[in-house]
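Chains, contacts and geometry: an overview
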Amino acid sequence: PAVTSPCKILKCNSEFWAATSGSHHLGTEEAPEFCTALRAYAHCTRRTARTCRGDLAYHSAVHGIDDLMEQHNCSKDGPTSQPRLRTLPPGDSQERSDSPEICHYEKSFHKHSAAPNYTHCGLFGDPHLRTFTDAFQTCKVQGAWPLIDNNYLNVQVTNTPVLPGSTATATSKLTIIFKSFQECVDQKVYQAEMDELPAAFADGSKNGGDKHGANSLKITEKVSGQHIEIQAKYIGTTIVVRQVGRYLTFAVRMPEEVVNAVEDRDSQGLYLCLRGCPFNQQIDFQTIRSAQATEGRARRKGPSLPAPPQAFTYETAMAKCREKLPVEDLYFQSCVFDLLTTGDVNFMLAAYYAFEDVKMLHSNKDKLHLYERTRDLAPGNMAPSGTSLSLWVALLCLSQCWLGLL
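As annotated in an unreviewed UniProt entry, the protein chain is RGMA protein from Pedionomus torquatus. You can read under Sequence similarities (unreviewed entry) in the UniProt record for the protein chain the words "Belongs to the repulsive guidance molecule (RGM) family." Within the UniProt record for the protein chain, the comment given under Subcellular location (unreviewed entry) is "Cell membrane".

This is how it looks when you write it as structure tokens:
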């Protein structure tokens, strides 16, 4: 079913930006005009408050309004106005090419240390997560979940059911907040939803704003409505967002130094790219795959799922996935899993593009393919594996202790 967000924060953001474009050039005698626009902005956010719970862009806007009102000594009571059309003044920041050294990660953050170690995180399909530590998980995570939350940016995804009555979910909404950083960039919000993959930030701009290093943050449209890339050079980060079929995929390349830049590590428990999905949200991929092979399609715990619109058998799903993913790694297995769960061939393309993004973004080419560790013992093999190892060692030690006592 189509999912249309009732949260209108992007409209509020755009109206305020249009109303105040060039306002940083205003003299003090025009401050009331800015305050009027701020009050209109606040009124707009209040109108959409009920439908924006849990939306990062909304909460960011509300805090930003309070800060701006305090900075400009604006009263919360007073007239509001309709936004006027935005016109770019000559020499607008989007045309600038200068960029201070502090706005180039490799010239600033680690100038006195070794070359940075880049890491990768990706989310795609139903949904499958590859963390910054190369752990690979298949998760349920329905609703809104934080992917990244550090000192420089926040990323939140919303996953919705693919089929009525099914626990299969996919990403229908993505919000990225780039926090204001020194003389490089203003705070910028990027938001994508099903059937809406903008090639600009929420305020209509395509770079970091009015600061001197604005071009150290840029959005590039690779394929209209299907593929955008965001370069955040000031933090050495590249983000790729795609719409494949009706759902979104996310991939990022980020330096370890930036990944770990958090003020309170104890509050990062739900930071999926770093911590992975909570255990109770993870799906036993191997067990499900075994069921797929024997039953012909995926069945999760609980009531039987409705048949997908285009039924795949295990064999036909395998054959379809081999068309794009010849190596039977976890990306291939994810493809098979998703075809059996949803019946939607676009999930095959999502797995394919996710792996293409890994090839582009992962710094260690020896770790492109990931394979699941075998949990079950081979016939005749007495060596335990996985979590059974610790139990086996404990029993062995206990038996030796008893022998010693005897």
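Observations concerning the sheet that holds strand E7 (residues 188-193)
Taken in spatial order, the 4 strands line up as E4-E5-E6-E7 in an open sheet, and their pairing is antiparallel. Each end of this open sheet is capped by a strand with a single partner; those strands are strand E4 (143-149) and E7. Within the sheet, the average angular offset between the axes of one strand and its neighbour, ignoring direction, is 20 degrees. Relative to E7, strand E6 (residues 169-178) runs antiparallel, the two being bridged by 6 bridges. Looking across to E7, one finds that Phe 178 is bridged to Lys 188.

Describing helix H3 (residues 56-71)
Helix length check: H3, at 16 residues, gives a terminal C-alpha distance of 22 Å against a target of 22 Å (1.5 Å per residue), a fit within 8%. Within H3 the residues assigned to the buried category are Ala 57, Tyr 58, Ser 60, Ala 61, Ile 65 and Met 69. The arc that holds every buried residue of H3, seen down its axis, measures 160 degrees, which confines them to one face. Of the exposed residues in H3, those oriented more than 90 degrees away from the buried face are His 63, Glu 70 and Gln 71. Between the side-chain oxygen at the start of H3 and the backbone nitrogen of Ala 57 there is a gap of 2.9 Å, and the oxygen is on Asp 55. Looking one or two residues beyond H3, the residue adopting positive phi is Asn 73, at roughly 55 degrees.

Considerations on the sheet that holds strand E8 (residues 217-223)
Taken together, the 7 strands give an open sheet; going across it, the order is E3-E2-E1-E11-E10-E9-E8, and neighbouring strands pair in antiparallel fashion. The outermost strands of the open sheet, each flanked by one partner alone, are strand E3 (136-138) and E8. Within this sheet the neighbouring strands show an average axis-to-axis angle of 10 degrees, counted without direction. Looking at chain direction, strand E9 (residues 227-232) and strand E10 (residues 237-244) are connected through 6 bridges and run antiparallel. Residue pairing in the sheet places Ile 228 in a bridge with Val 241 of E10.

As for the packing of helix H8 (residues 314-322) against helix H9 (residues 330-342)
Two numbers describe how H8 lies on H9: the axes approach to 9 Å, and their chain directions differ by 130 degrees. Of the possible angle classes, the one that applies to H8 and H9 is oblique. Considering the relative orientation of H8 and H9, their crossing is right-handed. Taking contact as the criterion, the partners of Tyr 314, Ala 317, Met 318, Lys 320, Cys 321 and Arg 322 in H8 are, on H9, Phe 332, Gln 333, Cys 335, Val 336, Leu 339 and Leu 340. Considering only residue class, the contact of H8 with H9 consists of 9 nonpolar, 1 polar and 2 charged.

Criteria and cut-off values
- Residues numbered from 1 in each chain as written.
- Predicted model: local features only at pLDDT ≥ 70, side-chain atom pairs only at ≥ 80, totals over all residues.
- Heavy atoms only, no water.
- UniProt positions renumbered as here; feature names shortened; annotations may be inferred.
- Pairing = 2+ DSSP bridges.
- Helix = DSSP H or I, 4+ residues; strand = E, 2+ residues; numbered from the N terminus.
- Axes fitted to C-alpha atoms, helices over the stretch in contact; angles between N-to-C directions.
- Expected span 1.5 Å × (residues − 1).
- Buried < 20%, exposed > 50% of the residue type's maximum accessible area, 1.4 Å probe, protein only.
- Arc of directions from axis to C-beta.
- Polar contact = N/O pair within 3.5 Å; in protein donor to acceptor, adjacent residues only side chain to side chain.
- Parallel < 35°, antiparallel > 145°, perpendicular 65-115°, else oblique.
- Left-handed = near helix turned anticlockwise from the far one by under 90°.
- Contact = heavy atoms within 4.5 Å.
- Nonpolar A, V, L, I, M, F, W, Y, C, P; charged D, E, K, R; others polar.

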